[in-house]
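Spelled out from the first residue to the last, the chains are:
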Amino acid sequence: MPILTSTLDPRGAVYAENRAAMLERLTDLESALRQARGGGGDKYIARHHARGKLLPRERIELLVDRDSPFLELCPVAAWGTDYPVGASVVTGIGIVEGVPCVIVANDPTVRGGAVNPFSLKKTQRASQIARENRLPLINLVESGGADLPQQAEIFIPGGAAFRDLTRLSAAAIPTVAVVFGNATAGGAYVPGMSDYTIFVRDRAKVFLAGPPLVKMATGETVDDETLGGAAMHATRSGLADFIAEDERDGLRLARSCVRNFGHLLTRAYGAEPKFDADDLLGIPSADLRVPFDPREILARVLDGSEFDEFKPAYGAALCTGWGAIHGHRVGVLANVRGVLFSAEAQKAAQFIQLANASGTPLIFLQNTTGYMVGSEYEQGGIIKHGALMINAVANSRVPHLTVNIGASYGAGNYGMCGRAFEPRFLFTWPNAKSAVMGPQQLAGVLSIVARQAAEAKGHAYDEEQDRTMRFMVEHKVEQESAALFLSGRLYDDGVIDPRDTRTVLGMCLALVGTGEHAQFGVFRH
Ligand code: COA
């Protein structure tokens with residue numbers, strides 16, 4: 001390859017003059033950058049630190065991989081305007097867990113992190129870069145929302161920020177929001193529209209209106225924590241997927257989210273579990289009513305016993321999370337206590353969508369007695385929420401593998417990807433059972449119906465016959481619910497020794513691929 005030559009004379013006067021002029025401009029730039037790094041000024045920085053909080057650049061430094069570069073974008077936005085240099089946000093591209101991500105960090109020292117017209121432009125440019133280059137977007141949120149005196153310039157165009165967040169998600173570009181403090185009104189929609197949300201305990205305040213506005217609007221007197229604290233959002237509203245104990249923990253959790261984007265990850269996992277597979281024989285009771293923690297199973301099935309649980313404080317009767325088997329990333333849905341409530345169903349649907357966004361296969365560990373019944377739950381929309389989960393399972397495009405490790409009753413069987421929902425493979429443990437409901441319940445229902453029919457006709461109900469009927473029905477349903485009976489009818493792909501679960505799932509995962517299909521068959525001409 002030819003090598004270029006140079007005629008430049010670095011000792012000449014022209015060169016010296018050019019260089020001096022350039023250095024002068026660089027000094028100007030450095031001074032503008034210093035202004036930007038100075039955020040809202042010493043007073044506000046000192047106050048922020050005194051509150052035990054980190055500045056946006058400190059947060060970014062803890063978020064990105066150690067000693068990795070950070071490409072800051074538009075650092076002197078708003079220079080030459082009446083707004084503070086840098087606007088009220090830091091944006092850039094950093095490497096998180098080996099994955100290049102766009103990072104947007106509000107600067108709460110600049111007018112409470114309120115969004116001015118230049119913050120808006122800067123944020124929108126960052127979002128555009130995420131979209132065009134398919135980079136995950138991580139928002140480090142702490143903002144007073146719109147810069148109120150400037151609302152006319154930002155309110156209407158500002159809607160695009162939320163539009164773009166949802167469009168990133170729709171394009172399967174992951175979005176993460178870590179909330180460190182105030183996120184009112186519009187700010188609340190940033191976590192609201194992100195795929196993964198992490199709220200810092202006792203610090204995050206996420207509501208459409210703060211206590212004073214609520215008081216004015218509805219007369220209700222309420223405190224920040226009840227209205228929009230991390231604990232409330234993690235356990236009740238479901239807006240927070242994770243509670244972080246402090247800011248550093250929040251950044252650690254954000255890193256773990258990126259680690260679980262799966263499709264973006266290149267690192268191979270394959271370590272053996274840290275616990276003995278032999279233990280799997282003694283975890284479920286022969287009596288299916290005795291609950292057991294599926295994490296005990298996962299600890300003996302997943303690579304290195306590593307499991308990043310998703311949304312652990314919400315819908316706790318269903319455990320969801322990310323791990324790997326024989327180096328294949330998987331999402332896991334496992335029943336903890338038998339019943340599925342509305343929160344569990346909603347969490348399942350969200351988790352299935354996340355797995356689809358990242359193309360991660362799903363493992364369903366069934367141990368469910370079905371969706372919760374009763375007036376409270378009917379009124380709370382249990383049918384609607386169960387349908388949401390079943391819809392998500394039915395239309396999910398990633399490979400599903402199901403193992404019935406205990407009970408699989410009622411519509412819980414459908415929601416947890418039973419045979420009719422066409423998991424690529426379905427295996428059953430020898431102790432497991434499956435039926436429309438438990439034998440006693442089924443016999444009891446038949447008995448009540450028969451009793452009511454007799455009463456309606458004015459006949460005396462034959463108690464002796466009822467006892468016999470119940471005994472026969474219970475016995476029949478008990479037999480028909482058993483693993484061998486069901487396997488005999490090909491309702492599964494086999495009854496497996498629990499100790500083989502990891503090997504069986506590992507082999508299946510090696511086979512299932514990504515589920516990509518050709519659009520048409522091969523035509524013969
Ligand atoms: N618009 C314009 N200025 C704002 C602002 C906003 N949304 N939020 C805060 N500021 C200004 C404050 O007036 C203050 O200015 P000053 O220092 O010149 O007096 C400065 O930013 C810092 O605010 P302060 O309240 O002292 O900071 P804080 O860290 O204690 O609290 C907030 C920050 C964001 C929690 C608090 O200011 C707040 O609740 N703001 C209003 C939030 C809101 O309801 N926004 C509606 C969005 S649609």
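How each quantity is defined
Residues numbered from 1 in each chain as written. Predicted model: local features only at pLDDT ≥ 70, side-chain atom pairs only at ≥ 80, totals over all residues. Heavy atoms only, no water. Helix = DSSP H or I, 4+ residues; strand = E, 2+ residues; numbered from the N terminus. Buried < 20%, exposed > 50% of the residue type's maximum accessible area, 1.4 Å probe, protein only. Contact = heavy atoms within 4.5 Å. Areas by Shrake-Rupley, 256 points an atom, 1.4 Å probe, with all protein chains shown as cover. Domains from an automatic or database assignment. Buried area = accessible area lost by both parts, 1.4 Å probe. Salt bridge = Lys/Arg side-chain N within 4 Å of Asp/Glu carboxyl O. Patch = residues over 30% accessible without salt bridge, like charges linked within 9 Å, V, L, I, M, F, W, Y side chains within 5 Å. Near = heavy atom within 4 Å. Polar contact = N/O pair within 3.5 Å; in protein donor to acceptor, adjacent residues only side chain to side chain. Nonpolar A, V, L, I, M, F, W, Y, C, P; charged D, E, K, R; others polar. Arc of directions from axis to C-beta. Phe/Tyr/Trp six-rings, centres within 6.5 Å; stacked < 30°, edge-to-face > 60°. Axes fitted to C-alpha atoms, helices over the stretch in contact; angles between N-to-C directions. Parallel < 35°, antiparallel > 145°, perpendicular 65-115°, else oblique. Left-handed = near helix turned anticlockwise from the far one by under 90°. Pairing = 2+ DSSP bridges. Disulfide = S-S within 2.5 Å. Expected span 1.5 Å × (residues − 1). Core = buried A, V, L, I, M, F, W, Y, C linked by side-chain atoms within 4.5 Å.

Per an unreviewed UniProt entry, the protein carries the name Acyl-CoA carboxylase subunit beta and comes from Dactylosporangium vinaceum.

Student: Just give me the short version of the overall build of the protein, but keep the residues and values in it.
Tutor: Broken down by element type, the protein carries 19 helices and 17 strands. With the C-alpha coordinates aligned to their principal axes, the bounding extent of the protein is approximately 110 × 70 × 55 Å. Looking at the protein as a whole, 48% of its 525 residues are labelled buried. Across the protein, every contact between residues at least 6 apart in sequence was considered, and the portion connecting residues at least 24 apart equals 71%. A total of about 26700 Å² of accessible surface is found on the protein, and carbon and sulfur atoms cover 57% of it.

Student: Give a description of the domain arrangement of the protein that names residues and reports values.
Tutor: For interface size, the figure often reported is the accessible area lost on association. Split into domains, the protein comes out as domain 1 (41–259), domain 2 (277–436 + 484–509) and domain 3 (439–480). For domain 1 and domain 2, the distance between their C-alpha centroids amounts to 34 Å. Of the residues lining the interface, 13 residues belong to domain 1; the matching set on domain 2 comes to 12 residues. Buried area between domain 1 and domain 2, summed over both chains or domains, comes out near 990 Å², and the portion from carbon and sulfur atoms is 50%. Put simply, domain 1 and domain 2 have 2 salt bridges between them. Salt-bridge contacts for Lys-311 lead to Asp-241; the nearest nitrogen and oxygen are separated by 2.7 Å.

Student: So what about a nonpolar patch on the surface? Which residues, and what values?
Tutor: On the surface, Met-22, Leu-23, Leu-26 and Leu-29 cluster together into a nonpolar patch covering about 370 Å² of accessible area. Take Leu-23: it is sitting in helix H1 (residues 13–37).

Student: Let's hear about the site of the ligand: which residues, and what values?
Tutor: The full set close to the ligand counts 15 residues, and Tyr-44, Arg-47, Arg-51, Gly-144 and Ala-146 are the nearest of them. Arg-47 has a polar side-chain atom sitting 2.8 Å from an oxygen atom of the ligand. Here Arg-51 contributes a side-chain N or O atom positioned 2.7 Å from an oxygen atom of the ligand. Expressed as a share of its isolated accessible area of 870 Å², the protein-covered part of the ligand is 57%. Residues that form the shell around the ligand fall into these classes: 6 nonpolar, 5 polar and 4 charged.

Student: Can you explain helix H3 (residues 56–63)? Please cite residues and give values.
Tutor: Where H3 is concerned, the buried positions are Pro-56, Arg-59, Ile-60 and Leu-63. Seen end-on, H3 carries its buried residues on one side only, within an arc spanning 100 degrees.

Student: So what's going on with the pattern of salt bridges? Residues and values would help.
Tutor: Summed over all chains, the structure comprises 32 salt bridges. Of the charged contacts in the structure, one is a salt bridge between Arg-163 and Asp-164, with a shortest N-O distance of 3.0 Å. One salt-bridge network, in which partners are shared between bridges, spans Asp-65, Glu-97, Arg-255, Arg-259 and Asp-308.

Student: Provide a residue-level description of the packing of aromatic side chains, including the pertinent values.
Tutor: For any two aromatic rings, the description comes down to two numbers: the centre-to-centre distance and the angle of the planes. Tallying each qualifying case throughout the model produces 10 aromatic pairs. When the ring of Phe-425 is compared with that of Phe-427, the centres are 6.2 Å apart and the planes differ by 10 degrees; the resulting orientation is stacked. A relative accessible area of 23% places Phe-425 in the partly exposed class. One aromatic cluster in this structure is built from Tyr-196, Phe-242, Phe-261, Phe-310, Trp-322 and Phe-351.

Student: Please give an account of the packing of helix H4 (residues 117–133) against helix H5 (residues 151–170) that cites residues and values.
Tutor: For any two helices packed against each other, the geometry is given by the interaxial angle and the distance between the axes. Orientation of H4 relative to H5, taken along the N-to-C sense of each, is 20 degrees, at an axis distance of 10 Å. Relative to H5, H4 is oriented roughly parallel. Taken as a pair, H4 and H5 cross one another with a handedness that is left-handed. Residues Pro-117, Leu-120, Gln-124, Ser-127, Ala-130 and Arg-131 of H4 pack against Glu-153, Ile-154, Pro-157, Gly-158, Ala-160, Ala-161, Asp-164 and Leu-168 of H5. Considered class by class, the residues forming the contact of H4 with H5 number 8 nonpolar, 3 polar and 3 charged.

Student: Please set out the pairing of strand E13 (residues 362–368) residue by residue, giving values where relevant.
Tutor: Of all 7 residues in E13, 7 are buried; the element is thus mostly enclosed. Here E13 shows a buried face lined by Leu-362, Phe-364, Gln-366 and Thr-368 and a second buried face lined by Ile-363, Leu-365 and Asn-367. Pairing of strand E11 (residues 328–335) with E13 involves 4 bridges; the strand directions are parallel. Note on E13: the bridge partner recorded for Val-332 is Ile-363. Sheet topology places E13 next to strand E15 (residues 400–409); 6 bridges connect them, and they run parallel. Across the sheet, residue Leu-362 finds its bridge partner in E15, namely His-400.

Student: Break down the state of the cysteines for me, citing the residues and quoting the values.
Tutor: For the coordinates displayed, the defined rule picks out 0 disulfides. The thiol of Cys-101 is not disulfide-bonded; the next cysteine sulfur, from Cys-257, is found 11 Å away. What makes Cys-101 buried here is its relative accessible area of 0%. What makes Cys-257 buried here is its relative accessible area of 3%.

Student: Can you tell me about the environment of Phe-421, naming the residues and giving the values?
Tutor: Along the chain, Phe-421 turns up in the loop between helix H15 (410–415) and strand E16 (425–428). With 28 residues separating them along the chain, Phe-421 and Val-393 place their C-alpha atoms 7.3 Å apart. Excluding residues that lie within four positions of it along the chain, Phe-421 makes contacts with Ile-390, Val-393, Ala-394 and Tyr-414.

Student: Residue-level account of helix H19 (residues 501–512), with values.
Tutor: The periodicity of an α-helix, 3.6 residues per turn, causes residues three or four positions apart to be oriented the same way. For H19, spanning 12 residues, the distance from its first C-alpha to its last is 16 Å, which sits close to the expected 16 Å at 1.5 Å a residue. If you check which residues of H19 are buried, you get Thr-501, Arg-502, Val-504, Leu-505, Gly-506, Cys-508, Leu-509 and Val-512. Buried-residue contacts for H19 involve strand E10 (318–325), E11, E13, E15 and E16. Downstream of H19 by a residue or two, Gly-513 has a phi angle that is positive, lying close to 60 degrees.

Student: Can you lay out the nonpolar core for me, pointing to particular residues and giving the numbers?
Tutor: Counting residues in hydrophobic clusters, the biggest one holds 48 residues, and the most contacted among them are Leu-140, Val-176, Ile-198 and Leu-333. Contacts of Leu-140, omitting those with residues within four sequence positions, involve Arg-59, Ile-60, Leu-63, Ile-103, Val-104, Ala-105, Asn-106, Val-178, Phe-180 and Leu-251. Counting 26 residues, the second largest nonpolar core, distinct from the first, contains Leu-73, Ile-173, Val-179 and Phe-199.

Student: Lay out the side chain of Asp-466 with the relevant residues and their values.
Tutor: As for its placement among the helices and strands, Asp-466 is situated in helix H17 (residues 463–480). By relative accessible area, which is 4% here, Asp-466 ends up buried. Setting aside residues no more than four positions away along its own chain, Asp-466 makes contact with Ser-447, Arg-451 and Tyr-461.

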